[in-house]
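Descriptive structure summary
Below, each chain spelled out in residue letters.
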Amino acid sequence: MRKLLWISLFVAGAASAADAVAPTPAPQSNDAVINMLKSANLSFDVDWNGIPLGDAIINLIPQGKGCYRYESQTRPVGAVRWLYGSPQEVSEFCVKDGVIRPSRYEYNIDKRPKDEFTLSFDWAAKKVTTVKGGKTTVRDLPDVAYDRFGMQQAIRLWVMSVPDTTKRTEAEFVSVDAKDINHYRFAILGHEKVETSVGTIDAIRIDRIDSKTRSTHSWVAPSRDFQVIKLESVNRGDVELKMLTNK
């Protein structure tokens, strides 16, 4: 039940090792990446198995000198809020050598403090420090990695760099969580029309494809700077959690 409150749906569920490693997206120029990472204010209706849970607000806020704050706030309604609280995720990152470099990540939830944790990234030392439940751990970092929330922006940049999004294209991303550093594989599956409360929007579909039992389907809209307009968390073929733009 806890995961239904996560906004970082790209990596919902346990990861499986990919049988064949997909390519990692190539770095772009700093200027090109900064030009693509425009500020955004997104709003979604959130459903769990067809039951409305409330809404979610996601903001991408430039901080100057190629740095950004990417934040989400889920606002559950009724018993869900009373039982599970209102989670918040924050990813702070900068663009360096054409790649998103996370500096700090926070996950907070008022009703479940034992689930809260922070990540601090030291790219000079290639270390990430995790603080959870009063315990601090330090792990080695690979050359390129993202926190689970900020990885959404890395995937968005990848889609924007693909010359033909009508053809299937795959890529791999590395995500750092409280305990694990996982490899995830995603595939661009072409264009689809998405029906929303604000009209029909042409979007590019992206699926997570590294697990046989769990997947994430997401749709980004070229007309909206390739921001996400729809997300689905899928477990054994059933859509459990759904987010759909409402503005």
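Note that the structure is a prediction, hence the values are computed from the model and not measured.

Bringing the pairing of strand S1 (residues 40-48) into the picture now. By the bridge criterion, nine bridges tie S1 to strand S2 (residues 51-64) in an arrangement that is antiparallel. Bridge assignment links phenylalanine 44 to a residue of S2, and that residue is alanine 56. What sits between the antiparallel neighbours S1 and S2 is a turn of two residues, in which asparagine 49 has the positive phi angle 50°.

Right, let's get into the environment of serine 211. You can see serine 211 is positioned in the loop between strand S12 (199-208) and strand S13 (214-221). Residue serine 211 is classed as buried on the basis of its relative accessible area, which comes to 14%. In the structure, serine 211 is positioned 27 residues away from tyrosine 184 in sequence and 8.9 Å away in space, judged by C-alpha atoms. In terms of polar contacts, serine 211 uses its side chain to reach the backbone amide nitrogen of arginine 214, at 3.1 Å.

All right, on to the layout of surface pockets then. Taken as a whole, the second largest pocket spans an internal volume of roughly 320 Å³. In this structure, the second largest pocket is lined by 21 residues; those nearest its centre are Thr24, Pro25, Val99, Val144 and Tyr146. Listing elements by their share of the lining of the second largest pocket, those giving two or more residues are strand S5 (99-109), helix H3 (151-161) and strand S10 (169-176). Ranked by residues supplied to the lining of the second largest pocket, first place goes to H3 with four residues.

Moving on, we get to the packing of aromatic side chains. This model, assessed by the stated rule, comprises eight aromatic pairs. An angle of 10° between the planes, with centres 4.2 Å apart, marks the rings of tyrosine 70 and phenylalanine 149 as stacked. Of the two residues, tyrosine 70 is situated in strand S3 (residues 67-76) and phenylalanine 149 in the loop between strand S9 (146-147) and H3; the sequence distance between them amounts to 79 residues. Phenylalanine 149 sits in the buried class, given a relative accessible area of 0%. Here tyrosine 107 and phenylalanine 117 contribute two aromatic rings whose centre-to-centre distance is 6.2 Å and whose plane-to-plane angle is 40°, an arrangement assigned as tilted. A residue pair is termed long-range when its members are at least 10 positions apart, and tyrosine 107 in strand S5 and phenylalanine 117 in strand S6 (residues 117-122) qualify at ten residues. Take phenylalanine 117: its relative accessible area is 4%, and that puts it in the buried class. An aromatic cluster of at least three residues, connected via ring pairs, comprises Tyr146, Trp158, Phe173 and Phe186. Here the basic side chain of arginine 101 rests over the ring of tryptophan 123, its NZ or CZ set 4.4 Å away from the ring centre.

Looking now at the pairing of S12. Burial analysis of S12 places seven of its ten residues in the buried class, the great majority of the element. Sheet analysis places strand S11 (residues 181-196) next to S12, joined by nine bridges and oriented antiparallel. Bridge assignment links isoleucine 188 to a residue of S12, and that residue is isoleucine 206. What sits between the antiparallel neighbours S11 and S12 is a turn of two residues. Direction of pairing for S12 relative to S13: antiparallel, over a ladder of four bridges. In the sheet register, arginine 205 faces S13, and the bridge partner there is tryptophan 219. Once S12 ends, the chain turns through five residues before running back antiparallel as S13.

A few words now on the nonpolar core. If you look at the biggest cluster of nonpolar residues, it comprises 53 residues, and the most contacted ones within it are Leu37, Trp158, Val159, Phe173 and Phe186. By residue number, the principal contributor to this core is H3, which donates six residues. Residues within four places of valine 159 in sequence aside, it is in contact with Thr165, Ile188, Ile204, Ile206, Val220 and Phe226.

Here we come to the confidence of the model for the chain. The pLDDT averaged across the chain works out to 87; a share of 87% of its residues lies at or above 70. Confidence over residues 1-5 falls short of pLDDT 50; this stretch has 19 contacts with residues more than four positions distant or in other chains.

Moving on: the pattern of salt bridges. Summed over all chains, the structure comprises 20 salt bridges. Its salt-bridge partner being arginine 168, residue glutamate 170 comes within 3.1 Å of it at the nearest N-O pair. The exposed category is assigned to arginine 168, whose relative accessible area is 52%. It is possible to trace a salt-bridge network through shared partners that takes in Arg69, Glu71 and Glu92.

Rules used throughout
Here the residue numbers are simple positions, counted from 1 along each chain's written sequence. The model is predicted, so local features are restricted to residues of pLDDT at least 70 and side-chain atom pairs to those at 80 or more, both for listing and for counting; the totals for chains, interfaces and linings are taken over all residues. No hydrogens and no water enter the side-chain calculation; it runs on all heavy atoms of the structure. In this analysis, strands are considered paired if DSSP registers two or more bridges between them. Note on conventions: DSSP H or I runs of at least 4 residues are helices, E runs of at least 2 residues are strands, and numbering of each starts at the N terminus. Partly exposed residues are those whose accessible area sits between 20% and 50% of the maximum for their type, while under 20% is buried and over 50% is exposed, using a 1.4 Å probe and protein chains only. We define a polar contact as two N or O atoms separated by no more than 3.5 Å, with the added condition that, inside protein, one atom must be a possible hydrogen donor and the other a possible acceptor, whereas residues neighbouring each other in sequence contribute only through side-chain atom pairs. Points on a 1 Å grid, built from protein atoms alone, make a cavity when a 1.4 Å probe fits but cannot get out and make a pocket when they are open with protein on both sides within 12 Å along at least 5 of 7 lines; residues with an atom within 4 Å of a point are the lining residues. Grid points are joined across faces, edges and corners, and a volume is the space filled by probe spheres set on the points. Pairs were defined over the aromatic rings of Phe, Tyr and Trp, the Trp ring being its six-membered one, requiring ring centres within 6.5 Å. Orientation was assigned from the angle between planes: stacked under 30 degrees, edge-to-face over 60, tilted for the rest. As a reminder, the over-ring test applies to NZ of lysine and CZ of arginine, requiring each to be within 6 Å of the ring centre and within 35 degrees of the ring normal. The term nonpolar core refers to a set of buried residues drawn from Ala, Val, Leu, Ile, Met, Phe, Trp, Tyr and Cys, joined through side-chain atoms within 4.5 Å. Contacts between residues were defined by any pair of non-hydrogen atoms, one from each residue, lying within 4.5 Å. Each residue carries a pLDDT score, the predictor's confidence in it, ranging from 0 to 100. A pairing counts as a salt bridge when a side-chain nitrogen of Lys or Arg comes within 4 Å of a carboxyl oxygen of Asp or Glu.

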